[in-house]
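Read off the chains here:
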Amino acid sequence: MPVLIKKYKESNIKEIDIITKLDLIGIPKILYFDSKFYRTFSIFEYSDRVTYLTKNELKQYTDLILFLIEQKIYFKNFNPINIRRKNNQIKLVNLFDNDWFGWYPNNLDCSIQIKMVMSVGIIIHYFLTGYHPFDINKSPMNFIFLKNKNLIQNIKVENILKLKKYTNADTLVLDENMTTQKYLIRLSDPLRHDLIYHTIKQRTTIKKLSKHPYFWSHERIFLFLANYSDVLEGSISACKKLERNKSRIFDSSWNTPLDTLIKDELSIFRNYNYNNAKDLVRVIRNSGRHYNQIPEVLKEFYGQFPVGFVNYWTKLFPGLLIVCYNCGESLKDNELLSDYY
């Protein structure tokens, strides 16, 4: 049976005591340890190295770090080689010493918690783009296109990024760039850009990161937009805030890019203002809540609800969800929105 073995430099190892007390599926269990030899060693259950992470696995990883922070457990060995997988479950290991260099902003003047959150953002960016965000060389992204349809189906992506390998010399540059805050976010999509940007600028917490809408299911996205629309109906200040940011959602009238089928359906109703962001959210809410009542031809156009329906609107307006989410944060105490923040 394959296992993972870690040797320690010191005989009195606090890490062993911490791990043996943890009962978390994402932390590999110690099968055996011995401190009688000249170097203490531990034997862990085996897990595989990862070459990609799905959205669900990135969420698992984020939640693992959330757990450690909540337990006041200090972890700095952020490096892709310490992320492993077993039975579709992400495992966080700490097998090698000093592998944090270039992945953990040790020299930044901020709290340990903020440094850990920033490192999570770095890891997420790496697996979303193939590059470290503090690698400011403008290299083109490389993709490995998969021919194995079963593999594509299993990981639910059409291609896998070719992850850039960083040498020890590279990590020296990365560490310097982290200290001087020289970064390059290789994500144009507003939702994913927002996910990374706030970690790099130290403007978020691990709890907020874990609840970021990037990780949401299609159903949760629709429910949020519908609830947010309900809140807008009774809040003039919330409407004004959304309208001030509508240029991040659409440039001209929001009905312009709609498909003809959608335009024809909306033309039946004359109570939508196509220059108003509030009404864009409202039409999504109304169409989704009354999905069973819309014409069959529209159902075929959208496809399955909520997946096809949500995909249509969020791909047409990539900034919609994150703008609504950020604008709605000031209303997070509202019972309709509190679960999303």
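This structure is a prediction, so every number in the text was calculated from the model and none was measured. In every chain, residue numbers begin from 1 and rise along the written sequence. Whole-chain, interface and lining totals are the exception, using all residues; otherwise, since this is a predicted model, local features are given only for residues with pLDDT of at least 70 and side-chain atom pairs are given and counted only at 80 or more. Calculated side-chain values reflect all of the structure's heavy atoms, with hydrogen atoms and water omitted.

Comments concerning the domain arrangement of the protein
Right, on to step 1. Annotation comment: domain bounds sourced from an automatic or database domain assignment. By the assigned domains, the protein splits into domain 1 (1–46), domain 2 (49–214) and domain 3 (216–340).
Right, on to step 2. With both sides pooled, the region where domain 2 packs onto domain 3 buries about 810 Å², and carbon together with sulfur makes up 55% of that total.
Right, on to step 3. Here the quantity called buried area is the accessible surface, traced with a 1.4 Å probe, that two parts lose on coming together, added over both. On the domain 2 side of the contact with domain 3, Pro190, Lys211 and Pro213 bury the most area, a combined 57% of that side's loss.
Right, on to step 4. Salt bridges are defined by distance alone: a side-chain nitrogen of Lys or Arg within 4 Å of a carboxyl oxygen of Asp or Glu. Applying the counting criterion to the domain 2 and domain 3 interface returns one salt bridge.
Right, on to step 5. Here glutamate 329 ties to lysine 208 by a salt bridge, and the two come within 3.1 Å at their closest N and O atoms.

Structural notes on the packing of helix H6 (residues 190–200) against helix H14 (residues 320–328)
Right, on to step 1. To obtain each axis, a line is fitted to C-alpha atoms, and for helices this fit is confined to the stretch in contact; angles are then taken between N-to-C directions over 0 to 180 degrees. The numbering of helices and of strands both runs from the N terminus, where a helix is a DSSP run of H or I of at least 4 residues and a strand a run of E of at least 2. With their axes 7 Å apart at the nearest point, H6 and H14 run at an angle of 45° to one another. On the basis of their axis angle, the class for H6 and H14 is oblique. Residues Pro190, Leu191 and Asp194 of H6 form the contact with H14, whose own contacting residues are Leu321, Ile322 and Asn326.
Right, on to step 2. Charged residues are taken to be Asp, Glu, Lys and Arg, nonpolar residues to be Ala, Val, Leu, Ile, Met, Phe, Trp, Tyr, Cys and Pro, and polar residues to be all remaining types, Gly included. Of the residues in the contact of H6 with H14, the class split is four nonpolar, one polar and one charged. An angle below 35 degrees is read as roughly parallel, one above 145 as roughly antiparallel, one from 65 to 115 as roughly perpendicular, and any other as oblique. Between two residues, a contact is recorded if the distance between any of their heavy atoms is within 4.5 Å.

Describing the sheet that holds strand S1 (residues 3–7)
Whenever strands of a sheet pair, they do so through backbone hydrogen bonds, lying parallel or antiparallel.
Right, on to step 1. Reading across from one edge, S1-S3-S2 is the order of the three strands in this open sheet, with antiparallel pairing throughout. Edge positions in the sheet fall to S1 and strand S2 (30–34), since each has one partner strand and no second. Each strand of the sheet is rotated relative to its neighbour by a mean of 15°, with strand direction disregarded.
Right, on to step 2. At least two DSSP bridges between two strands are needed for those strands to be called paired. Two strands pair when backbone bridges link them, and S1 and strand S3 (residues 41–45) are joined in this way by five bridges, in the antiparallel orientation. Considered in S3, the bridge of lysine 6 is made with serine 42.

Focus on the sheet that holds strand S6 (residues 89–92)
Right, on to step 1. Reading across from one edge, S4-S5-S6 is the order of the three strands in this open sheet, with antiparallel pairing throughout. The outermost strands of the open sheet, each flanked by one partner alone, are strand S4 (48–49) and S6.
Right, on to step 2. Examined bridge by bridge, strand S5 (residues 83–86) and S6 share four bridges and lie antiparallel to one another. Opposite arginine 84, over in S6, you have lysine 91 as the bridge partner.
Right, on to step 3. On the sheet, helix H2 (residues 55–70) packs against S5 and S6 and is oriented at approximately 40° with respect to S6.

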